[in-house]
Amino acid sequence: MQKEVFFFILFLLGVTHSIAQSPSSNPSSEYSSYIKGRLGLMGTWQTGNLDQLSVLPNGGISIVKNAYFAEFNASYHYLNVRGFNAINDFWTYGLFQHQPNHRVFPSIHTIMGFARSYKIEHSIVTGAGGGINVKKKSPDNFLQLHLYGSYLNFQYEMEGTHKAVAIGSLIRAMLPIKTHISLRWELSTFHSLWETNFWGGSNLLQLNISVLRNLSMNLSHQSYYNHQTAMDIENTNTEMLFGIQYQLNYQ
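(A) Focus on the side chain of His109. Within the element layout of this structure, His109 appears in strand E6 (residues 104-115). A relative accessible area of 12% places His109 in the buried class. Ignoring anything within four residues of it in the chain, the contact list for His109 reads Gly94, Leu95, Val125, Thr126, Gly127, Tyr148, Leu170 and Ser188.

Rendered as structure tokens:
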């Protein structure tokens, strides 16, 4: 008889824990600041005809001040099917902006990680450059464009390492659709200057729907593209995830 046990089902998925100072009544005050921490975990454990274990923990922290903005996120996806390690992906993302409320501002951006699912031994894209506020009204309603001079260190499994100076770009946006619905968009790319065919990027679209005061649902669609890939790996890969987010605010 087939036995199925689901071990982590939407457990702490997208949980957000926020610690904030009460902002000044003057939005330009240097004391206006807050910190947000995020922690989430989702997974399944299934036995029987299909023996598999899947876990997807993620977390991050954001520090917002008038003088600067800093954000760090990390995500891990592990999938083992009948003893075969099908997915073992870990990615970290970092962003630092100086004077982010200005029209143009300096910034630093980095993406690092590895991905068994795409045969990526390691990938590092990190650099400094600048950003521009195309639209900046509030933390929940903005559109930013970034351009960087970057260092690229990329290696597929069983292949040589590609090290080069690169150009990186990033688009960040948070767009309210209705009172309780918002859209998050992040598009990042890298372009090697040593080899013009060595480039790629990722695109994230996330729809957030507020259900209760501290509870919301989100639907995420993530696309990855690499112009040069390892054997048997498609140029374009996508994944769609559904989650529940709980948020606590302290002021």
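Having seen the model, we can carry on.
(B) The packing of aromatic side chains, seen in detail. Considering all chains together, one arrives at nine aromatic pairs under this definition. Ring geometry for Phe190 versus Phe198: centroids 6.5 Å apart, planes at 50°, classification tilted. Residue Phe190 shares its accessibility class with Phe198, and that shared class is buried. Clustering of aromatic rings is evident, with ring pairs tying together Phe154, Tyr156, Phe190 and Phe198.

(C) Quick look at unusual backbone geometry. Backbone geometry places Lys119, a non-glycine residue, at a positive phi of 60°. By the secondary structure assignment, Lys119 is in the loop between E6 and strand E7 (120-138). Overall, Lys119 belongs to the partly exposed group, its relative accessible area being 25%. A positive phi is found at Met158, a non-glycine position, where the angle reads about 65°.

Calculation criteria
- Residues numbered from 1 in each chain as written.
- Predicted model: local features only at pLDDT ≥ 70, side-chain atom pairs only at ≥ 80, totals over all residues.
- Heavy atoms only, no water.
- Helix = DSSP H or I, 4+ residues; strand = E, 2+ residues; numbered from the N terminus.
- Buried < 20%, exposed > 50% of the residue type's maximum accessible area, 1.4 Å probe, protein only.
- Contact = heavy atoms within 4.5 Å.
- Phe/Tyr/Trp six-rings, centres within 6.5 Å; stacked < 30°, edge-to-face > 60°.

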